[in-house]
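Take a look at the letters that make up each chain.
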Amino acid sequence: MEVTLLGTGDTTGTPTVGCDCATCERARDPDAELRERLRERGVDPSGGVERSRFSLYLESAAGGSLLVDASPDFRHQFLREGVPLPDAAVVTHVHFDHLDGLGNAYRLFDDLPVSAADETDPVTGESVAAGIRSRYDYLDTVSVHPRTPYEPFEVAGFEVTLVPVEHPPLLCYGLRVEDVETGAVLAVSGDTAYEIPERSTAALSGADLALVEGIVHAEACEHHPKGGTHHDDEGVPRTFGTKHMTLSGARDFAAGIDADDYRIVHTAHFVPPERAFADDVAVDGERFSL
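Here the structure is a predicted model, which is why all the values come from computation and not from measurement.

### Points about unusual backbone geometry
Each neighbour pair has its own omega, and for Thr14 with Pro15 the value is -5°, a cis peptide bond. Following the sequence through the fold, Pro15 ends up in the loop between strand 1 (2–7) and helix 1 (22–28). Note that the residue after Pro168, namely Pro169, is joined by a cis bond; omega there is 10°. Structurally, Pro169 can be placed in the loop between strand 8 (158–164) and strand 9 (173–179). In the Ramachandran plot, Asp258 falls in the positive-phi region, its phi being about 55° despite a non-glycine side chain. Within the fold, Asp258 resides in the loop between helix 7 (247–256) and strand 15 (262–265). Residue classification places Asp258 among the exposed residues on the basis of a relative accessible area of 58%. Although it is not a glycine, His266 sits at a positive phi angle of roughly 60°. With respect to the helices and strands, His266 occurs in the loop between strand 15 and helix 8 (273–276).

Here it is, written out as C-alpha cells:
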C-alpha cells in the first residue's frame with residue numbers, strides 16, 4: 001500500500017488565509033533547520049510548508065486507488081502531488097472540509113463511486129451516504145454506495161471498514177484500510193474526541209501506520225469555552241472542547257492502538273511554531289510505503 005498525505009490540516013489549513021501568526025509565517029518561509037527536516041521526510045519545502053484541508057490518496061498492490069475524504073483543496077492537491085485521479089472514494093462525515101471537494105468530479109470523472117456510512121444521524125435526519133447524495137445529486141458522475149459501519153467492504157484493491165468515532169454533534173467515522181494482496185493496514189482515526197467505543201479502538205489497533213487527529217496543543221484548551229476533556233493521569237486534556245483530540249491525546253491514542261508508526265493530522269495553525277512542525281505532526285506531501 002502506498003499512502004500519500006494530500007491534506008493534513010484542519011478547516012482553515014496552514015497557512016491560514018489572512019493570518020500572520022508565527023506558525024503561518026514559519027510555514028510560508030521555513031527556516032533552514034525545518035527545511036532540512038522536511039527533506040529528510042521526503043517533502044519539498046521550496047514552496048513553503050502546507051497543511052491543506054484533510055485528504056488521503058491510497059494505492060493498493062493490485063493497482064487500485066482510493067481517495068479518503070474529498071478536500072475543498074482537491075484541485076491544488078492533485079496538481080501538487082501529481083497523483084492520478086482515484087478509482088473510488090470514501091467519505092468519513094459531512095463537514096465541508098472533508099466533503100466539498102466532490103464538486104471536482106464535474107468533468108473529471110466518468111464515474112466516481114463514493115462509499116459512506118448508511119446509519120441515520122439523529123441530528124441531520126439522514127446518513128452520510130444520503131447527505132452526499134442530496135448535496136451532489138446534480139453530478140451524474142458521483143455514484144453513492146451506502147456501507148454499514150463495522151462491516152468490511154472491498155473497493156480498489158482494499159478491504160475497508162467504517163469505524164464509528166466521537167465527533168459531536170454529527171456522526172463521524174474512522175477507517176481501517178487493509179490491502180487485500182499484501183495485508184498492510186492503515187488506521188485513520190477520523191475527526192474525533194479521545195474516547196471512542198471499545199469496538200472501534202479494537203478495529204483500529206495493530207496497524208502498520210495510524211493517522212490520528214490532533215487539532216491543537218493541550219494548553220489551548222483553557223481558551224476553549226468548553227475547555228478540555230478526557231484528561232490523562234496527570235490532568236492533561238486529551239480532547240479539545242468536545243470533538244477533537246489534542247496533540248497529547250493523539251500521541252496517547254496512537255500508543256494505545258499499538259501502531260507500528262503514526263502521524264498526527266488535522267492540525268491547526270494555533271499550535272506554536274516550535275511545536276507545530278514536530279516530526280510526528282504530518283505535513284502535506286508525506287508518503288509512506290506499507
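### A look at the layout of surface pockets
By volume, the largest pocket is sized at about 290 Å³. If you add up the space inside the second largest pocket, you get close to 160 Å³. Lining the second largest pocket, in full, are Ile215, Val216, His217, Ala220, His223, His224, Pro225, Phe240 and Phe270. In terms of residue class, the lining of the second largest pocket is made up of 6 nonpolar, 3 polar and no charged.

### Details of the nonpolar core
The biggest cluster of nonpolar side chains holds 52 residues, and the ones touching the most others in it are Leu56, Leu58, Ile132 and Leu186. The greatest single-element share of this core, amounting to 4 residues, is contributed by strand 5 (residues 112–117). Residues Leu34, Leu38, Val185 and Ala210 belong to the second largest nonpolar core, which totals 31 residues.

### A closer look at helix 3 (residues 74–81)
All of the buried residues along helix 3 are Phe74, Gln77, Phe78 and Glu81. The buried residues of helix 3 occupy an angular sector of 90° when projected down its axis, which confines them to one face. Away from its buried face, by an angle of more than 90 degrees, helix 3 presents the exposed residues Arg75 and Leu79. Summarising the contacts, the buried residues of helix 3 are in contact with strand 1, strand 2 (55–59), strand 3 (65–68) and strand 16 (287–289). After helix 3 finishes, the residue Gly82 shows a positive phi value of roughly 65°.

### A look at empty space enclosed by the protein
This structure, assessed with the given rule, holds 2 cavities of 30 Å³ or more. Roughly 60 Å³ of internal volume is contained in the largest cavity. Lining the largest cavity we find His93, Val94, Asp121, Thr124, Glu126, Ser127, Val128, Gly131, Arg135 and Leu171. Its residues assigned to classes, the lining of the largest cavity shows 3 nonpolar, 4 polar and 3 charged. Its boundaries defined by the atoms lining it, the second largest cavity holds a volume of some 40 Å³. In this structure, the second largest cavity is lined by Phe54, Val188, Ser189, Gly190, Asp191, Glu213, Val265 and His266. By residue class, the composition of the lining of the second largest cavity is 3 nonpolar, 3 polar and 2 charged.

### A short note on the pairing of strand 1
For strand 1, the tally of buried residues reaches 5 of 6 residues, placing the bulk of the element in the interior. Relative to strand 16, strand 1 is paired through 3 bridges, and the arrangement is antiparallel. Note on strand 16: the bridge partner recorded for Glu2 is Ser289.

Criteria and cut-off values
- Residues numbered from 1 in each chain as written.
- Predicted model: local features only at pLDDT ≥ 70, side-chain atom pairs only at ≥ 80, totals over all residues.
- Heavy atoms only, no water.
- Helix = DSSP H or I, 4+ residues; strand = E, 2+ residues; numbered from the N terminus.
- Buried < 20%, exposed > 50% of the residue type's maximum accessible area, 1.4 Å probe, protein only.
- 1 Å grid on protein atoms, 1.4 Å probe; cavity = no way out; pocket = protein on both sides within 12 Å on 5 of 7 lines; lining within 4 Å.
- Points joined across faces, edges and corners; volume = space filled by probe spheres on them.
- Nonpolar A, V, L, I, M, F, W, Y, C, P; charged D, E, K, R; others polar.
- Core = buried A, V, L, I, M, F, W, Y, C linked by side-chain atoms within 4.5 Å.
- Arc of directions from axis to C-beta.
- Contact = heavy atoms within 4.5 Å.
- Pairing = 2+ DSSP bridges.

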